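# What the coordinates show
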Amino acid sequence: MATKVGDDPESLMSLCTIFCLKNLERTMCYMGDRLYLRPDVFLPSEICDKLVKMYMDLLQTDSDYEEQDGFFQLFSDPRSTRLTRLQLREEFVGHRELETKLVQDRDLEAIGKQDLMELHLTYCHWLTARSLRTLQSFRHSLVSLNLFGCSNIFFRKGGAPLAYPEEENAEERHTVDSDFSFQGFNRLRLLNLAGLSAEVDVETLLRPLPALTSLDLSGVRLPRPAFLTQWKERLTSLVLYNVDLSEELIHTLIQLSMLRHLDISRENQRSSKFKMTGKILSSFVQNLVNLVSLDISGHIMLDNCTVPQLEDAMGRPSIEPCKSSIYPLQDLKRPLQFLGLYNTTLCNVTHIPAYKVTGSKNEDQILNAIEVYTEQRPELAHRAINQLFDIARIQHCSQLLRALKLVITALKTHKNDKSIQVTGSAALFYLTNTDYRSEQSVRLRREVIQVVLNGMEKYQEVTVQRNCCLTLCNFSIPEELEFQYKRVNELLLKILDPADQDESIQRIAVHLCNALVCQVDNDHKEEVGKMGFVKTMLSLIQKRLQNRMCDQVMEFSWSALWNITDETPDNCQMFLEKNGMNLFLDCLKEFPDKQELHRNMLGLLGNVAEVKALRPQLLTKQFITVFSELLDSKADGIEVSYNACGVLSHIMFDGPEVWTMEEPSRQHVMDKMWAAIQSWDVSSRRNINYRSFEPILRLLPQSGALVSQHWATWALYNLVSVYPSKYCPLLIKEGGISLLQKVVELESSHQETKDMASKVMDHCENYKDDPMDTSR
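Residues numbered from 1 in each chain as written. Predicted model: local features only at pLDDT ≥ 70, side-chain atom pairs only at ≥ 80, totals over all residues. Heavy atoms only, no water.

### Thoughts on the overall build of the protein
Here is the rule: In DSSP terms, a helix is any run of H or I states spanning at least four residues, a strand is any run of E spanning at least two, and both are numbered starting from the N terminus. For a compact globule the rule gives 2.2 Å times the number of residues to the power 0.38, and the radius of gyration it is set against comes from C-alpha atoms. Partly exposed residues are those whose accessible area sits between 20% and 50% of the maximum for their type, while under 20% is buried and over 50% is exposed, using a 1.4 Å probe and protein chains only. Any pair of residues with heavy atoms lying within 4.5 Å of one another is described as a contacting pair. Using the Shrake-Rupley algorithm and a 1.4 Å probe, accessible areas are obtained, with residue cover drawn only from the displayed protein chains. For the charge count, each Lys or Arg is scored as positive and each Asp or Glu as negative, with His and the chain ends excluded. To locate a charge, take atom NZ for lysine, CZ for arginine, CG for aspartate or CD for glutamate.
Of regular secondary structure, the protein possesses 31 helices and 14 strands. Here the C-alpha radius of gyration of the protein, 35 Å, is well above what a compact globule of 776 residues would show, namely 28 Å. Considering the protein as a whole, with its 776 residues, one finds that 56% of them fall into the buried category. Taking all contacts inside the protein whose residues are at least 6 apart in sequence as the whole, residues at least 24 apart take part in 69%. Surface summary for the protein: the accessible area is close to 34400 Å², and the carbon and sulfur share equals 48%. Side-chain charges in the protein split into 85 positive and 103 negative, and the spacing between the mean points of these groups amounts to 5 Å.

Structure follows, in structure tokens:
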């Protein structure tokens, strides 16, 4: 059977790892003064590496998952746990006081006895020179080290060397740790020191590493670049993103003859005094004969090194170097595997001799840019996602699954980057709409929902909230959101809480709330009711009543209350306790001509009237008079009159003994009810949805309130006549046929009621052998 791309199930390894991390004490740990690994547990490196990676992912993507105190201590003994590849990433925030402390010096110390081969630390700002001591313990085994964005690791606090950073005054002076050396790191081949402070002498720091093959010095000042030539016989990859170029540096680069990958790109053109020329490009091509990957993004070309426009437009796009539209690249022996041309004019030419190109000319170049730059260059990824947004909005995205996955990854990776959250959430709205829906798997759509909820949770900013709410509207509600039902409701209620919330967000959020409580089971409704749903909706209604405004928020709020009170007595009681009836009367008085509003309010009160214990609170002269007057309403077809009659039918069912008022009299109201029912067209199409007939069926076999029996029979007759395939099976399943038979047999039943009951049974005759599947 064919499946959608991306619909592969999670691996058993991933599922087991997540389960263990969420149930550490039930699986492999016990709690003493901290978490300890059970003595009979031994975990090989494949499992340990995965546990740590998943642990960091959960901390950053699962709002319910809490940091486990002493987690890294579980890996302190290499006899029971083996770590070989460790990836620890924090979020870049830009404000130290907002940053989390997921990775601290003591965490690295805990694993100091492990023989790590790879250690990747990204944005771990809370690591200080104290962690350099731990690094020393890995010197005999370490092959790859990434310290990208670890801005404090080469510093110690003034006056308190190697102290915990969190125990020190934030204003204290940092001093470079001059004791650390890479001496003895004989196996180290790959090193990333991107963002290294200018106070650290990079030349001295790197001197003890003769065997390096890959080096990333992005954003590092290189006043004397000639030192790089010490690796000219070994270095295969050099990244100098946002490094100021100079004649001396260019002269040094063309001596690194073993280079296969060279990145001299920049964030933007304006920040560079140095201008790229065709001559420099030619020198790279001619001297770096092993080059397969080159990134010159963000550079202004000082001279025109492209073929004339007429020549460029000839023939189909080609990656053959001899046909290159960029003159210096015609000397390549073979097409490059990768060429970075993002934020340059060169990406617009026709013939580019590379298999993979970043740029902004077309969808493929833009997606390549998002893929290549997301991890460590969010500023470029943000621009590329913005360009993808325009493609999805105005044109058509031809690589939908790839685009979705890349945007999801960017949003997960940069949860605290507001610009990426704004553009990413906007792109998701267009990438998940109806045009693309058939191509998306359940698993992929769930991933979208997760990152959208993460964005809503993190940002109270209007644009992000609006984008996220609009994106949720692209999903089938409540079905597709049910796996996050509690969380999404909590977030929406939080959005609706501020009285001064943006009106467009309020409108979307109330619509979502209404959809979420429609067609779900009663347990879900009760759970949402306890979150403050009823109170929030009534507050929205109160605010609009004060402003004498009946808008979509007002109508959706009443509709949501109608849905959440359906067969949930606790929520009905909450509505009464929170002054709901007075708001009903005030809305009726303030907006006498709003038919949709009246229908929603009466539908809600029908739910309240179904609860026997609450009916005495409706049995007042004021309320009964209002319900009685609404029997004559022609608003929204028969709906308002029908619902008013339903409320009164349940009240009448309690018998004459509960009717203590003189005016209006019980008989007078019953007469009006009979007249109203007689006036309705039984073939009326309905704006209502019954999940169960139980509240109606209990009104059938009785003789104390014949008008209630008549209303209930008419309701069933109308529904099975107009929607037989939907309601005949439901009526049969709930035992309605035997109750209707009793209505026919009761002497007290009106003949007209008996006739209708017989017609209902006749309608259902064809459905008796068609049991209804009511499973959700």
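### Some thoughts on the layout of surface pockets
Using the following cut-off: Cavity and pocket criteria rest on a 1 Å grid covering protein atoms alone: a 1.4 Å probe that fits but cannot get out defines a cavity, protein on both sides within 12 Å along at least 5 of 7 lines defines an open pocket, and an atom within 4 Å of a point defines a lining residue. Grid points are joined across faces, edges and corners, and a volume is the space filled by probe spheres set on the points. When residues are sorted by character, Ala, Val, Leu, Ile, Met, Phe, Trp, Tyr, Cys and Pro go into the nonpolar class, Asp, Glu, Lys and Arg into the charged class, and all the rest, Gly among them, into the polar class.
Each pocket or cavity is described by its volume, and for the second largest pocket that value is around 600 Å³. Residue lining of the second largest pocket: 33 residues in total, with W562, N563, G603, I688 and N689 positioned closest to the centre. Of all elements in the fold, only α20 (552-564), α23 (595-609), α25 (639-653) and α27 (694-697) reach the threshold of two or more residues within the lining of the second largest pocket. Broken down by element, the lining of the second largest pocket gets its largest block of residues, seven residues, from α23. Considered class by class, the residues forming the lining of the second largest pocket number 11 nonpolar, 14 polar and eight charged.

### Digging into the packing of helix α21 (residues 569-577) against α23
Basically, it comes down to this: The axes are straight lines fitted to the C-alpha atoms, using for helices just the contacting stretch, and the angles between their N-to-C directions are given from 0 to 180°. In these notes the angle categories are as follows: under 35 degrees is roughly parallel, over 145 is roughly antiparallel, 65 to 115 is roughly perpendicular, and the rest is oblique. With the far helix as reference, a near helix turned anticlockwise by less than a right angle produces a left-handed crossing, and one turned clockwise produces a right-handed crossing.
Packing of α21 against α23 leaves a shortest axis separation of 9 Å and a crossing angle of 115 degrees. As the angle between them shows, α21 and α23 are arranged roughly perpendicular. Between α21 and α23 lies a crossing whose hand is left-handed. Counted together, C572, F575 and L576 of α21 and L604, L605, N607 and V608 of α23 form the full contact between these two elements. Here the contact of α21 with α23 is composed, by residue class, of six nonpolar, one polar and no charged.

### Focus on the sheet that holds strand β13 (residues 336-340)
Selection rule: Here a strand pair is declared whenever DSSP counts at least two bridges between the two strands.
What the 10 strands build is an open sheet, ordered β3-β4-β5-β8-β9-β10-β11-β12-β13-β14; its pairing is parallel. Two strands close off the open sheet at either side, each with one partner strand: β3 (85-89) and β14 (354-358). Neighbour-to-neighbour, the strand axes of this sheet turn through a mean angle of 5 degrees, independent of strand direction. Sitting on the sheet, helix α10 (residues 363-373) is in contact with β12 (293-295), β13 and β14, with an inclination near 75 degrees to β14.

### Description of helix α14 (residues 442-458)
Heads up, the rule is: Expected span of a helix: the number of residues minus one, times 1.5 Å.
Helix length check: α14, at 17 residues, gives a terminal C-alpha distance of 25 Å against a target of 24 Å (1.5 Å per residue), a fit within 8%. Listing the buried residues of α14 in full gives L444, R445, V448, I449, V451, V452, L453, N454, G455 and M456. Looking at the buried residues of α14, the elements they touch are α3 (45-61), α12 (400-413), α13 (418-431), α15 (462-472) and α16 (485-496).

### Regarding the environment of I651
In this fold, I651 is placed in helix α25. The class for I651 is buried, based on a relative accessible area of 2%. Once the C-alpha coordinates of I651 and L329 are considered, the two residues, 322 residues apart in sequence, prove to be 87 Å apart. Excluding residues that lie within four positions of it along the chain, I651 makes contacts with R615, L618, L619, I624 and W659.

### Remarks on the pattern of salt bridges
Put simply, the test is: Any Lys or Arg side-chain nitrogen located within 4 Å of an Asp or Glu carboxyl oxygen qualifies as a salt bridge.
A full pass over the atoms with the stated rule returns 30 salt bridges. Across the pair K525 and D566 runs a salt bridge, and its minimum N-O distance is 3.6 Å. Of this pair, K525 sits in helix α18 (residues 522-530) while D566 sits in the loop between α20 and α21, placing them 41 residues apart in sequence. Of the two residues examined, K525 and D566, each falls in the buried class. Residues joined by salt bridges that share partners form a network here, namely D201, E203, R207 and R224.

### Overview of a negative patch on the surface
Note the following rule: What goes into a patch is any residue over 30% in relative accessible area without a salt bridge, connected to like charges within 9 Å or, for nonpolar side chains (Val, Leu, Ile, Met, Phe, Trp, Tyr), within 5 Å.
Judged by side-chain charge, D64, E66, E490, D523 and E527 come together as a negatively charged surface patch. As for its placement among the helices and strands, D64 is situated in the loop between α3 and β3.

### Some remarks on the packing of aromatic side chains
The line we're drawing: Classification of ring pairs uses Phe, Tyr and Trp, with its six-membered ring standing for Trp, and accepts pairs whose centres are within 6.5 Å; under 30 degrees between planes counts as stacked, over 60 as edge-to-face, and the remaining range as tilted. Cation placement over rings: the criterion is NZ of Lys or CZ of Arg within 6 Å of the ring centroid and within 35° of the ring normal.
Across all of its chains, the model carries 24 aromatic pairs by this definition. Grouping aromatic residues by their ring pairs yields a cluster made of Y55, Y65, F71, F72 and F75. The cationic tip of R686 hangs over the ring face of Y642; the distance from NZ or CZ to the ring centre is 3.9 Å.

### Some remarks on the nonpolar core
Which entries qualify depends on this criterion: By nonpolar core we mean a set of buried residues, namely Ala, Val, Leu, Ile, Met, Phe, Trp, Tyr and Cys, connected to one another through side-chain atoms within 4.5 Å.
W558, F584 and F627 are the most contacted members of the largest nonpolar core, which totals 162 residues. Counting residues per element, this core draws most heavily on helix α28 (residues 706-722), at 11 residues. Each residue touching F584, except ones within four places of it in the same chain, is listed here: W558, M601, L602, L605, V626, F627 and L630. In terms of nonpolar packing, the next biggest core, distinct from the first, is built from 101 residues, V202, L215, L222 and L294 among them.

### A short note on empty space enclosed by the protein
Across all of its chains, the model carries three cavities of 30 Å³ or more by this definition. If you trace the largest cavity, you find it lined by V285, L288, V289, L291, V292, D331, L332, K333, R334 and P335. Tallied by class, the residues present in the lining of the largest cavity amount to seven nonpolar, no polar and three charged. What the second largest cavity holds in volume is close to 40 Å³. If you trace the second largest cavity, you find it lined by Q60, T61, L411, K412, K415, Q421, V451, N454 and G455. When residues of the lining of the second largest cavity are traced back to their parent elements, those giving at least two are α3, α12 and α14. With three residues, α14 is the single largest residue contributor to the lining of the second largest cavity.

### Here we look at α16
Compared with the 16 Å implied by 1.5 Å per residue over 12 residues, the 17 Å span of α16 between its first and last C-alpha is a close match. For α16, the tally of buried residues reaches nine of 12 residues, placing the bulk of the element in the interior. Along α16, the residues classified as buried are Y485, R487, V488, N489, L491, L492, L493, I495 and L496. Taken together, the buried residues of α16 touch α14, α15, α17 (503-516), α18 and α19 (533-546).

### Concerning the confidence of the model for the protein
Convention followed: The quantity known as pLDDT measures the predictor's confidence residue by residue, on a range of 0 to 100.
Across the protein, pLDDT averages 89, with 94% of residues at or above 70. Within the model, the stretch residues 159-173 combines pLDDT values under 50 with 26 contacts to residues more than four positions away or in other chains.

### Quick notes on the packing of α25 against helix α26 (residues 666-679)
Interaxial distance between α25 and α26 falls to 10 Å at its minimum, and their mutual angle equals 140 degrees. In terms of axis orientation, α25 runs oblique to α26. Taken as a pair, α25 and α26 cross one another with a handedness that is left-handed. Where α25 approaches α26, its residues S641, C645, L648, S649 and M652 are matched on the opposing element by R666, V669, M670, M673, A676 and I677. Grouping the constituent residues of the contact of α25 with α26 by class yields eight nonpolar, two polar and one charged.

### Some thoughts on unusual backbone geometry
A negative phi angle is the norm for most residues apart from glycine, just as the trans form is the norm for most peptide bonds. The amide bond that connects I477 to the next residue, P478, takes the cis arrangement and shows omega of 10 degrees. In this fold, P478 is placed in the loop between α15 and α16. At Y123, a residue that is not glycine, the phi angle is positive and equals roughly 55 degrees. If you trace the backbone, Y123 turns up in the loop between β4 (118-122) and α5 (130-137). Positive phi, close to 55 degrees, is recorded for E567, a residue that is not glycine.

### Quick look at the side chain of S684
For S684, the position within the fold is in the loop between α26 and α27. S684 has contacts with I638, N718 and V722, leaving out every residue within four places of it along the chain.

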